[in-house]
Amino acid sequence: MELLETLFGYIGDVTWGWSLIPFLVILGIFFTLISGLVQFQFFGRMFRVFTAGGQPESAGHISSREALLVSVGGRVGGGNIAGVAVAITLGGPGAVFWMWAIALVGMATSLFECSLAQLFKESQKDGTYRGGPARYITHGLGQQFRWLAVLYSVCLIASFALGFNAFQGNTVAAAAQDSLGIDRMWTGIGLAILTGFIVFGGIKRIAKVADVVIPVMAIGYIGMALIVIAINITEIPEIIAMIVKNAFGIEEAVGGGMGAAVAQGLRRGLFSNEAGLGSAPNVAAVAYVRHPISQGIVQSLSVFIDTIIICSCTAFIILLGDVYVPGAEDVNGVVLTQQSLVSHVGEWAQYFLTFAILLFSFSSIIYNYYLGENALSFLTSKPVAINVLRVCVMGLVLIGATAPAATSVFFFSDPMMGILAIVNLIALTMLFPIGMRLLNDYRKQLKSGVEHPVLDVEQYSDLNIDPESWKDVK
């Protein structure tokens, strides 16, 4: 175990320590500039493309809105409550500015990875569709890179479907025990049963649940943050000024100054919105759209919602309160968010936050499961393998809920996610010309007066695209 912990610790240092974050930032800036600030050009379309007509005729697709909500549910998790608090504790208020900055850049990265996932999606024998980095690696780069797709898939299963779901179970159980006094075992059993009911229904049931849960989750938390902002409206200009000053080292709130703010902001922002990590494309590929860029635009919105909106809600709840003390680390994580919210609206807020954590974590569990299912379907076509994964996820949610040391048991999760992210970014770099080709086609159709551009598969006959996946497009 010591050898394994040392090995994965080294992998984590190599990926998250000094290679992955610079890679994500540089690539995001590159995509943004070369694409002509695409995320800003189509910002208005993000809010209307997924409500456009033309719902899927095939039962294998989900709607663009459902794909967006599943992705939002996955991106929005404990990191939006506890992670932001940690970033502010270790990096100061300036970390919030750099979270915003990396989200705006990451919107372009997400657009391209999700568009490629759409383009190279595969139709399945049961009428459903599959897609994601593993598929665009093999279809876009060729079978000689299949080993890279296999590596990606194995890491995705290990990190998201297994490790992170144990963490989410642990988060829910801890919150229920601390605020409601519910024993971890009962929380774990209930959560495992509920998870099983959803995941055994596949992506269609996951999407239907997300369509209900995610709006309630997001609107409720945003509404609470708006109440806090309204109560402290006169302090908002001062808080924003403090964020900017700390971000550029004009004022220093913690040891490390601007460097700590940049490091914490970028790390927590990237970890939260997942842009470039290759997770969201697995869901984006299943949506029905007329053109791959349309879903890429919609998925950019999920990055915006996750970081610019939800993470900002947590940041303002903390910074507008009187619990946070710059430089002090005795109160951090979810406790800092919880105590800050209580200081604004009263003791009942801790129960509201527990409910929010439950929804945030549960939405992440079903999202993480689907990522694992999609990766496993690339490795094997045997239905029994999917059912084994479903049972394993239920078991791991229960184990995570009842094991206080879940973080140390599943120490491999972050390093494995680091590997899959590096693999995905390498593939994105190599496939970027195809992404630009799609983007130019989309822009050309818009310029000619087409309100909702349509993919002409024949124009991409030189690529290894599955025509069956686009047969319903009109």
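Residues numbered from 1 in each chain as written. Predicted model: local features only at pLDDT ≥ 70, side-chain atom pairs only at ≥ 80, totals over all residues. Heavy atoms only, no water.

A. Seen up close, helix 9 (residues 184–199). With 16 residues, helix 9 should cover 22 Å at 1.5 Å per step; its first-to-last C-alpha distance of 22 Å lies within 8% of that length. Restricting attention to buried positions, one finds in helix 9 the residues R184, T187, G188, L191, A192, T195, G196, I198 and V199. Down the axis of helix 9, the buried side of the element spans an arc of 160°, and every buried residue falls inside it. Residues W186, I193 and F197 are exposed on helix 9 and point more than 90 degrees away from its buried face. Contact partners of the buried residues in helix 9: helix 8 (146–180), helix 10 (202–231), helix 16 (349–379) and helix 17 (383–402). For helix 9, the side-chain oxygen to backbone nitrogen distance between the N-cap and M185 is 2.9 Å, and the N-cap itself is D183. (Helix = DSSP H or I, 4+ residues; strand = E, 2+ residues; numbered from the N terminus. Expected span 1.5 Å × (residues − 1). Buried < 20%, exposed > 50% of the residue type's maximum accessible area, 1.4 Å probe, protein only. Arc of directions from axis to C-beta. Contact = heavy atoms within 4.5 Å. Polar contact = N/O pair within 3.5 Å; in protein donor to acceptor, adjacent residues only side chain to side chain.)

B. A nonpolar patch on the surface, seen in detail. A cluster of nonpolar side chains, namely I29, F30, L33, I34, L37, F40 and L104, defines an oily patch on the protein surface of about 620 Å² accessible area. With four residues, helix 1 (residues 2–34) is the single largest residue contributor to the nonpolar patch. Along the chain, F40 turns up in helix 2 (residues 38–41). A relative accessible area of 44% means that F40 is categorised as partly exposed. (Patch = residues over 30% accessible without salt bridge, like charges linked within 9 Å, V, L, I, M, F, W, Y side chains within 5 Å. Areas by Shrake-Rupley, 256 points an atom, 1.4 Å probe, with all protein chains shown as cover. Salt bridge = Lys/Arg side-chain N within 4 Å of Asp/Glu carboxyl O.)

C. Representation of the packing of aromatic side chains in the model. A complete count under the given rule lists 13 aromatic pairs for this structure. Taking the centre distance of 5.5 Å and the plane angle of 70° together, the rings of Y221 and F360 count as edge-to-face. In this pair, Y221 sits in helix 10 while F360 sits in helix 16, placing the two residues 139 residues apart along the sequence. For the pair Y221 and F360, a shared accessibility class is recorded, and that class is buried. Lying across the ring of Y129, K121 places its NZ or CZ 5.8 Å from the centre. Over the ring of W470 we find K121, and its NZ or CZ is 4.4 Å from the ring centre. (Phe/Tyr/Trp six-rings, centres within 6.5 Å; stacked < 30°, edge-to-face > 60°. Lys NZ or Arg CZ within 6 Å of the ring centre and 35° of its normal.)

D. Region of the structure containing helix 4 (residues 64–75). A rise of 1.5 Å per residue sets the reference length of helix 4, with its 12 residues, at 16 Å; its end C-alpha atoms lie 16 Å apart and thus fit the reference within 8%. Helix 4 sits mainly inside the fold: 11 of its 12 residues count as buried. Buried residues in helix 4 make contact with helix 6 (94–119), helix 10, helix 12 (257–273), helix 13 (281–284), helix 14 (292–319) and helix 16.

E. View of the environment of I419. Relative to the assigned elements, I419 resides in helix 19 (residues 413–447). Remark: the alpha-carbon pair of I419 and I81, spanning 338 residues in sequence, is separated by 25 Å. If we skip the residues at most four places from it in the chain, I419 touches I11, T15, L151 and C155.

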